[in-house]
Amino acid sequence: MSDNIQVAACRSLGYCYGPAMALEGVDLALTRGKVTALLGPNGAGKTTLIHLLLGVLPLQQGTIRLFGGTADTRGARQRIGAMLQIGGVQHNLTARELIELFASFYPAPVETDSLLAECGLAGLEARRFDRLSGGQRQRLLFALAVVGHPELLILDEPTTGLDPAARRRVWGAIEARRAEGASILLSTHFMEEAERLADHICVLDRGRVRATGTPDEIRRCVPRDTIRTRTGLPIQRLRELPEVQHAAIDGDTAQLLSGAGTRTLRALLEADPGADLLEMRGADLETAFLALTTAHDREAA
Amino acid sequence: MTTLNFNRNPWLQLIQAQCLNLVREPAYTLPTLLFPVMFYAFFGLVMLPAQSTWLLCTFATFGVVGAALFSFGISIATERAQGWLKLLRASPAPVSALIAGKAAGALLFGLMIVVLMSALAAGLGGVRLDTGQWLALAAVLAVGTLPFSLIGLSMGLWLSPNAAPAVINIVFLPMVFLSGLWVPASQFPAWLQGLAAWLPPYHLAELALHVAGEKPADWARSVGVLLGYSALFTALTAIGWRRLDGIRP
């Protein structure tokens, strides 16, 4: 579903904790039926942005509009589900009690048993929170986030601590919510997660937006291609090829990192027409992310 | 006729959740229930049986004050650190229902202490009150949890979970001792008696002693002091709640 209906719009958000600036000039739009991944290193301001969206922190600078209205109303909150990074619950309550408690906050909640099954908690409904494993707790917190059929689902590192199977189960549940038309803001450190789920990515670093766009657009932010080939050229000759930033030879295979892959490739073939087993690929998301979030360090140095 | 659907009522659900969480917490239930009842059994029934009605009033006051301070203070400090308060504030949960739930928990334990102690007093201590007096004693002590709930709530909003038990004990134990709940304030030196008259447990005990027919109380003064403390700690609670907004996630 991609009807481009804007569910949330943040404009020029700024936030300081005392003298420490946590966010500055942040714009973000969340669209119906889309997953927006919020990427950034620790301390980038992701959780502050999420807390501002949820109304847990008061606005200092900028505006937030949710569902076309102001953010801080109970009506708006009834259309939002949230899973926070530090989201402890009352640990003596059982999984069923917690789900039924949260279900009572929303006008049209999901039926408890089907939610328990969807989140892999069937059979654990009578177990208290403090007797669940770390992964089971994460899945229960996810269930609390989605119990109200949210139109906007905000997930702050939802799969941290999950094993691969449980992670994929959560991914499936996120994809199901997207298919139903929910807008999802997903903060994550897992690039594989962002690659799989995100329709849109916002890279945040030191409180500022460094890049926004589709995953392809983010990858293209970094002019860096990897070329692998079998060639007889010596390493020194490979390093002298145009745009090559790094060259290495392993056996008869050379690997080049280039700022402009096509140009490097043409020069390589001119220098060694016999080069074969050619392979060129653009930057992956992790490479792009690292380049975008460490650029500031280089600028500052 | 409107029927109340329990499962769909956030107020009832939150009140139930707070009470269940407390009841299932042995670190809270055992000391909160057992200490005042044990103290009463020892002092009121064994050591000073002639004073068992007086000591019923003062030790029951000691019990309900502790139940209110600890149920609010430690749980709010812990839940703040665990992220439970943040999760609820991010949800459409009515915050007032969260506070009402905690008040219900404190009230539940306060009444359990009063009932247990009254049963001991009537069954083994020979304490005889008429039905109206028993009910009035329970009502005074139940309503009297309010200022102590607010003191506990405001402390929980300001203290870390590690500091909360120690600080609350440092406030609680001297306060109940200086209020004359263990040793009558009339036996204190004059300057300490003056101090007792400014402490809220002293005034709650005064009201309890009055309804039990042990001693006439100055109701206007005692109720005024308790309401004054309630107002002061309501203000501190409001400031503490707003302070949560500025705490770094």
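Residues numbered from 1 in each chain as written. Chains lettered and ligands numbered in written order. Predicted model: local features only at pLDDT ≥ 70, side-chain atom pairs only at ≥ 80, totals over all residues. Heavy atoms only, no water.

Concerning the overall build of chain B
Helix and strand counts for chain B stand at 11 helices and 0 strands. For chain B, the sequential pattern of α-helices and β-strands runs α-α-α-α-α-α-α-α-α-α-α. Relative to a compact globule of 249 residues, whose C-alpha radius of gyration would be 18 Å, chain B shows 19 Å and is just as compact. Overall size of chain B, expressed as C-alpha extent along the three principal axes, is 55 × 50 × 35 Å. The buried share among the 249 residues of chain B stands at 50%. Summed over all atoms, the accessible surface of chain B reaches about 10,700 Å², with 72% contributed by carbon and sulfur. (Helix = DSSP H or I, 4+ residues; strand = E, 2+ residues; numbered from the N terminus. Rg over C-alpha atoms; globule rule 2.2 N^0.38 Å. Buried < 20%, exposed > 50% of the residue type's maximum accessible area, 1.4 Å probe, protein only. Areas by Shrake-Rupley, 256 points an atom, 1.4 Å probe, with all protein chains shown as cover.)

Observations concerning the pattern of salt bridges
Residue and element names in this part refer to chain A. As enumerated under the stated definition, the model contains 15 salt bridges over all chains in all. Where Arg208 meets Glu24, a salt bridge forms, and the shortest distance between an N and an O atom there is 3.0 Å. Placement of Arg208 in strand β10 (residues 208-213) and of Glu24 in strand β2 (residues 20-31) is noted, with a sequence separation of 184 residues between them. Take Arg208: its relative accessible area is 38%, and that puts it in the partly exposed class. (Salt bridge = Lys/Arg side-chain N within 4 Å of Asp/Glu carboxyl O.)

Here's the deal with helix α8 (residues 163-178) of chain B
Given 3.6 residues per helical turn, the α-helix brings residues three or four places apart onto the same face. With 16 residues, α8(B) should cover 22 Å at 1.5 Å per step; its first-to-last C-alpha distance of 23 Å lies within 8% of that length. B:Gly180 occupies a position one or two residues after α8(B) and carries a positive phi of about 80 degrees. (Expected span 1.5 Å × (residues − 1).)

Topic: the packing of aromatic side chains
All names here are of chain B. Tallied over the full model, the rule gives 16 aromatic pairs over all chains. Each ring, one from Phe35 and one from Phe39, has its centre 6.3 Å from the other, and the planes form 10 degrees; the classification is stacked. Of this pair, Phe35 and Phe39 both sit in helix α2 (residues 26-47), 4 residues apart, which is roughly one turn of the helix. Classification of Phe35 by relative accessible area gives partly exposed; the value is 45%. Look at Phe39 and you get partly exposed, because its relative accessible area is 29%. (Phe/Tyr/Trp six-rings, centres within 6.5 Å; stacked < 30°, edge-to-face > 60°.)

Focus on the sheet that holds strand β3 (residues 35-39) of chain A
Either a parallel or an antiparallel arrangement is found when strands of a sheet pair, and the pairing is made through backbone hydrogen bonds. Residues and elements named next belong to chain A. Pairing within the open sheet is mixed, and its 6 strands lie in the order β6-β7-β8-β3-β9-β10. Of all the strands in the sheet, the pair left with one neighbour each is β6 (80-83) and β10. Averaged over all pairs of adjacent strands, the angle between strand axes in this sheet comes to 15 degrees, irrespective of strand direction. Against the sheet, helix α6 (residues 164-179) contacts β3, β7 (152-156) and β8 (183-187), and its axis sits at roughly 150 degrees relative to β8. (Pairing = 2+ DSSP bridges. Axes fitted to C-alpha atoms, helices over the stretch in contact; angles between N-to-C directions. Contact = heavy atoms within 4.5 Å.)

Focus: a nonpolar patch on the surface
Residues B:Phe42, B:Phe43, B:Val46, B:Met47 and B:Leu48 make up a contiguous nonpolar surface patch of roughly 470 Å² in combined accessible area. Tracing the chain through its elements places B:Phe42 in helix α2. (Patch = residues over 30% accessible without salt bridge, like charges linked within 9 Å, V, L, I, M, F, W, Y side chains within 5 Å.)

A few points about the side chain of B:Asn9
Topologically, B:Asn9 is positioned in the segment before α1 (10-23). At a separation of 3.0 Å, a polar atom in the side chain of B:Asn9 contacts the main-chain amide nitrogen of B:Leu12. (Polar contact = N/O pair within 3.5 Å; in protein donor to acceptor, adjacent residues only side chain to side chain.)

Observations regarding the confidence of the model for chain B
All names here are of chain B. Of all residues in chain B, 96% attain a pLDDT of 70 or more, and the chain-wide mean is 90. Element-level mean pLDDT values for chain B span from 88 in helix α9 (residues 190-196) up to 96 in helix α10 (residues 200-211). Under the prediction, the complex receives an ipTM of 0.84, its pTM being 0.84. (pLDDT = per-residue confidence, 0-100.)

Topic: the interface of chain A and chain B
Counting residues at the interface gives 39 residues for chain A and 32 residues for chain B. In total, chain A and chain B occlude about 3,000 Å² of area from one another, counting both sides; carbon and sulfur atoms represent 58% of this. Linking chain A with chain B are 1 salt bridge. The partner of A:Glu97 in a salt bridge is B:Arg24, and the shortest N-O contact between them spans 2.8 Å. Taken together, the connections running from chain A to chain B amount to 14 residue pairs in polar contact (both at pLDDT 80 or more). Breaking the side of chain A that touches chain B down by element, the ones donating at least two residues are β1 (6-17), β2, α1 (46-54), α2 (74-77) and α3 (95-103) of chain A. Grouping the constituent residues of the side of chain A that touches chain B by class yields 23 nonpolar, 11 polar and 5 charged. (Buried area = accessible area lost by both parts, 1.4 Å probe. Nonpolar A, V, L, I, M, F, W, Y, C, P; charged D, E, K, R; others polar.)

Some details on the sheet that holds strand β13 (residues 253-258) of chain A
Residue and element names in this part refer to chain A. Taken in spatial order, the 4 strands line up as β12-β13-β11-β14 in an open sheet, and their pairing is antiparallel. Taken across any chain shown, the strands that pair with only one partner, and hence form the sheet edges, are β12 (244-250) and β14 (276-282). For this sheet the average axis-to-axis angle between neighbouring strands, irrespective of direction, equals 15 degrees. By the bridge criterion, 6 bridges tie β12 to β13 in an arrangement that is antiparallel. Within the sheet, the bridge partner assigned to Val244 lies in β13 and is Ser258. Running over the sheet, helix α10 (residues 261-271) touches β11 (225-230), β12, β13 and β14 and is turned about 165 degrees from β14.

Quick look at the environment of B:Pro201
All names here are of chain B. Within the element layout of this structure, Pro201 appears in helix α10. By relative accessible area, which is 0% here, Pro201 ends up buried. Residues Pro201 and Met175 lie 26 residues apart in sequence; the distance between their C-alpha atoms is 7.4 Å. Each residue touching Pro201, except ones within four places of it in the same chain, is listed here: Thr61, Val65, Phe148, Met175, Ser179 and Leu181.

Structural notes on the packing of helix α3 (residues 52-82) of chain B against helix α5 (residues 95-123) of chain B
All names here are of chain B. Between α3 and α5, whose axes approach to 9 Å, the crossing angle comes to 155 degrees. Judged by the inter-axis angle, α3 sits roughly antiparallel to α5. Crossing handedness for the pair α3 and α5: right-handed. On the side of α3, the interface is formed by Leu56, Phe59, Ala60, Gly63, Val64, Ala67, Ala68, Ser71, Phe72, Ser75, Ile76 and Glu79, while α5 contributes Ile99, Lys102, Ala103, Ala106, Phe109, Gly110, Ile113, Val114, Met117, Ser118 and Ala121. (Parallel < 35°, antiparallel > 145°, perpendicular 65-115°, else oblique. Left-handed = near helix turned anticlockwise from the far one by under 90°.)

Brief notes about the pairing of β7(A)
On a regular strand, each side chain points to the face opposite its neighbour's, so the side chains alternate between the two faces of the sheet. Residue and element names in this part refer to chain A. Of all 5 residues that make up β7, 5 are buried, and the element is covered over most of its length. Burial along β7 is two-sided: the face carrying Leu152, Ile154 and Asp156 and the face carrying Leu153 and Leu155 are both buried. Strand direction decides the pairing type here: β6 and β7, joined by 4 bridges, are parallel. The residue of β7 that forms the bridge with Gly81 is Leu153. Across 5 bridges, the pairing between β7 and β8 is parallel. Across the sheet, residue Leu153 finds its bridge partner in β8, namely Ile184. Each parallel crossover has a hand, and for β7 linked through α6 to β8 it is right-handed. (Right-handed = clockwise from strand over helix to strand, strands pointing away.)

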